[in-house]
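Topology and contacts: notes
Chain residues, written in single-letter form:
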Amino acid sequence: MPRCSQHFHPLISPPSAPHRVHRNPSPLSFLRNHPDLYLARRPLGSSVNTAWPLHGQSFLQRNFRTPRQVQLALPRRTTLTRTPLKTILYTNQLRSRSIYSHHQVRRITTKQSPMAEIVEAAKKAAGKQAVAEHFLPTMNFVGIGSGTTIVYVVDAIKAVMASVPPEKKANMLFVPTGYQSRRVIEAAGLIPLPFDSLPADIMLDVAFDGADEVDEELNCIKGGGACLFQEKLVAERARKFICVADYRKDQERLLTGWPSIPIEVAPIAVNTALRALRALGSKNPVVRDGLMAKAGPMKTDQDFFIIDAPFPQLLTMNDVNREQRRTSLAMSTESTVSLLKKAELQGITGMGGGGGGKWEVNTLSRRIKAITGVLEVGIFSGFNGTEAQEKGLKGGQKPVAVYFGMADGSVKKRTAGDAMHDIRLEDAKVDEEVRRMSLATVPED
Ligand SMILES: O=C(CO)[C@H](O)[C@H](O)COP(=O)(O)O
C-alpha cells in the first residue's frame, strides 16, 4: 500500500504521525489510527461539517491513499482540508446513516487544528449558556435542531437531566428536526417525539437550533445540513426558537460569509426551479451533490433535492424602510425628475424587490417559496415566536435570541429586543438626516 510520507499535494500538509495502513480495517479502527485524516470539502465557505459530505464511507472503504490519489478521486471544485475526527463521524452519521452512535462519536478524541478547537469551544460555550438560560427540566416539549452545534446543546441538556428522577424524565419529549437530530436525542438517553406525533394544538416550550448565518435583525439562513424543512416546522411550532452558533455566523446582513440560500425542491421540478431562481437574479444556482459512493444529487429526509442559490447580500426590512423614508423626504423637497435621477444613481429604485439585484430578506423568501416545486426556503424571517403570539398567531420563524460563541471563549447574546434597540438608533440617525435635509435647499440638476 502506498504511504503518504512523500509527494504531498500542495493543498495539504503531511500527517503529523506515521500511520499504519490496514488492508481492510474497520472504519472505526481506521479512524483511531488516523487522527489527522484528510477530507474533502466544498469551497466558498460551506461548513465542512454540515454543508457537504466528506466522502466519509467511500473514503474509508478505499483505505488511505496518497493525497494525490485522494485529490483525483474527488469531484471537481473540492479542496482538501483537515477536520476534527468528531466531525467526520458526525457527518458519516448524517450522510450515510452509518452505524456510529453519538456515544461512540463522543468517546473518540482526536487532535484538532487550533482553529477547529476554537470553533468547537465557541459552539460548546454558546450551547451551554443557551441551555442554562432557556431550558427547564419541568418543560414538556423541546425542539432539537440539526447540525454540529446542536450536539453541544444536547450535551448541556443531558447534564441538567442527569439530576431529574426517571418518572419526571418520561414527561419530557424532544422533537427532532430530522434523522441526525433524532439520533443525537436518542444517544443522549432522551425521548424523541416525531413532529407528526405532536398534537396540533401543542406548542413546544422551546426549540434550540443552529444557523449558517444570522443578520442584525436575527433573520437566519439555515439548511447547510439540508434539514431546513423540518427545522422550519419545529421553529414555527415553538413558543421561542433559541439559536446557537459560533462567531463565524454573526453577520450584519445575510449572504455575507455564507454563499447561498439552501432551497428544498421536488426532484421533478428541479430544472424549473433552477430556471426560476436564475430569473430572480441568482447567479449559478446548483443542485447539491450527494456522496461519491452514491452518485447523483443529495436527498433530504423528505427525499427531495437541495438547490444552493447564490444571491447578492440581502437587505433587511429596515434597510428598505429607511430608504423609503429618505425617498419620501426627497419627494417633498425635490422635483420628481431630480428625485428619480438621484434614486437611479443610488441604485435604490425598486429597493428590496430585486431591482439592481437587491433583495430584501422577506421579499426574496416569499418569491422563492412561490416557485412551483419548492418545498421550503432556508431563510428564517418574519416574526419570532413572541411577536407571533402577541399577534394571536402561533409561532414564528426567527429566533427570539441568538447565542454566538466567540473566539475568545465568551458568549455574545443577541435578543430580538437588542435588534429592535439598534434599529431605533439607526432610525433616529435617519430622522436626524431627514431633518437636516429638509432644512437644506436641494438645487435642481
Ligand atoms: O440548518 C442547519 C441544518 O440544516 C444547521 O442548523 C446549520 O447548518 C448549522 O450547522 P452547524 O451547527 O453544524 O454549523
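On a predicted model such as this, the values are computed, not experimentally measured, just so you know. The residue count restarts for each chain, going from 1 along the sequence in the order it is written. The predicted nature of this model means local features are confined to residues of pLDDT at least 70 and side-chain atom pairs, given and counted, to a pLDDT of 80 or more, with totals for whole chains, interfaces and linings taken over all residues. As a rule here, side-chain values come from all non-hydrogen atoms in the structure, and water together with hydrogens is ignored.

Glancing now at the overall build of the protein chain. Secondary structure elements are defined from DSSP: runs of H or I of at least 4 residues count as helices, runs of E of at least 2 residues count as strands, and each element is numbered from the N terminus. For the protein chain, the count of helices and strands is 16 helices and 16 strands. Throughout, a residue-residue contact means that at least one pair of heavy atoms, one from each residue, lies within 4.5 Å. Of the contacts formed within the protein chain by residues at least 6 apart in sequence, a portion of 74% connects residues at least 24 apart. Accessibility throughout is a Shrake-Rupley quantity obtained with a 1.4 Å probe, and a residue counts as covered only by protein chains that appear here. If you sum the accessible surface of the protein chain, you get close to 20300 Å²; carbon and sulfur atoms cover 55% of it.

The next subject is the nonpolar core. Formed by 28 residues in total, the largest nonpolar core has its most connected members in Phe 135, Ile 157, Phe 174 and Phe 208. Counting only elements with at least two residues in this core, the list comes to α6 (114–134), β3 (141–144), α7 (149–161), α9 (179–187), β6 (206–209), β9 (241–246) and β15 (401–405). The definition of a nonpolar core used throughout is a set of buried Ala, Val, Leu, Ile, Met, Phe, Trp, Tyr and Cys residues joined through side-chain atoms within 4.5 Å. When accessible area is computed with a 1.4 Å probe and restricted to protein chains, residues below 20% of their type maximum are described as buried, those above 50% as exposed, and intermediate ones as partly exposed. Listed in part, the 27 residues of the second largest apolar core include Leu 254, Ile 261, Ala 273 and Phe 311.

Attention shifts here to the confidence of the model for the protein chain. Summary of the metric used: pLDDT quantifies the predictor's per-residue confidence within the range 0 to 100. When pLDDT is averaged along the protein chain, the result is 76; 66% of the residues meet or exceed 70. Overall fold confidence for the complex sits at a pTM of 0.73, while the interface term, ipTM, reaches 0.99.

Sheet architecture is open: three strands sit in the order β7-β8-β14, paired in antiparallel fashion. Strands at the two margins of the open sheet, each flanked by one partner only, are β7 (213–214) and β14 (379–380). At least two bridges found by DSSP between two strands are what make those strands a pair. As paired strands, strand β8 (residues 220–221) and β14 are joined by two bridges and run antiparallel to one another. If you follow Ile 221 over to β14, its bridge partner there is Ile 379.

Here the focus is the packing of aromatic side chains. Aromatic contacts are taken between Phe, Tyr and Trp rings whose centres are within 6.5 Å, Trp giving its six-membered ring; a plane angle under 30 degrees counts as stacked, one over 60 as edge-to-face, and the others as tilted. As enumerated under the stated definition, the model contains one aromatic pair in all. Charge over a ring is defined by NZ of Lys or CZ of Arg lying within 6 Å of the ring centre and within 35 degrees of the ring normal. Here the guanidinium or amino end of Lys 222 rests over the ring plane of Phe 380, the centre of that ring lying 5.7 Å away. Over the ring of Phe 380 we find Lys 232, and its NZ or CZ is 5.1 Å from the ring centre.

The next point concerns the environment of Asp 205. Mapped onto the elements, Asp 205 comes out in the loop between β5 (191–192) and β6. Through-space distance from the C-alpha of Asp 205 to that of Arg 239 is 5.6 Å; in sequence the pair is 34 residues apart. Within the structure, Asp 205 has its side chain in polar contact with the backbone nitrogen of Asn 140 (distance 2.8 Å). Polar contact criterion, stated in full: a pair of N or O atoms within 3.5 Å, where within protein one must be able to donate a hydrogen and the other to accept it, and residues adjacent in sequence count only if both atoms are side-chain atoms.

Here we come to the pattern of salt bridges. For this analysis, a salt bridge means a side-chain nitrogen from Lys or Arg found within 4 Å of a carboxyl oxygen belonging to Asp or Glu. Summed over all chains, the structure comprises 14 salt bridges. For Arg 248, the salt bridge goes to Asp 246, with nearest N and O atoms at 2.7 Å. When its relative accessible area of 0% is taken as the criterion, Asp 246 is described as buried. Through salt bridges with shared partners, a single network forms among Glu 216, Arg 253, Asp 319 and Arg 322.

Strands sit in the order β11-β12-β10-β13 across an open sheet of four strands; the sheet is antiparallel. Looking at strand neighbours, the two that pair on one side only are β11 (286–287) and β13 (374–377), the edges of this open sheet. Strand direction decides the pairing type here: β11 and strand β12 (residues 305–310), joined by two bridges, are antiparallel. If you follow Val 287 over to β12, its bridge partner there is Ile 307. Of the strands in this sheet, β10 (260–265), β11 and β12 touch helix α11 (residues 270–279), which is tilted by about 15° from β12. Between N-to-C directions, angles span 0 to 180 degrees; the directions come from axes that are lines fitted to C-alpha atoms, helices contributing only their stretch in contact.

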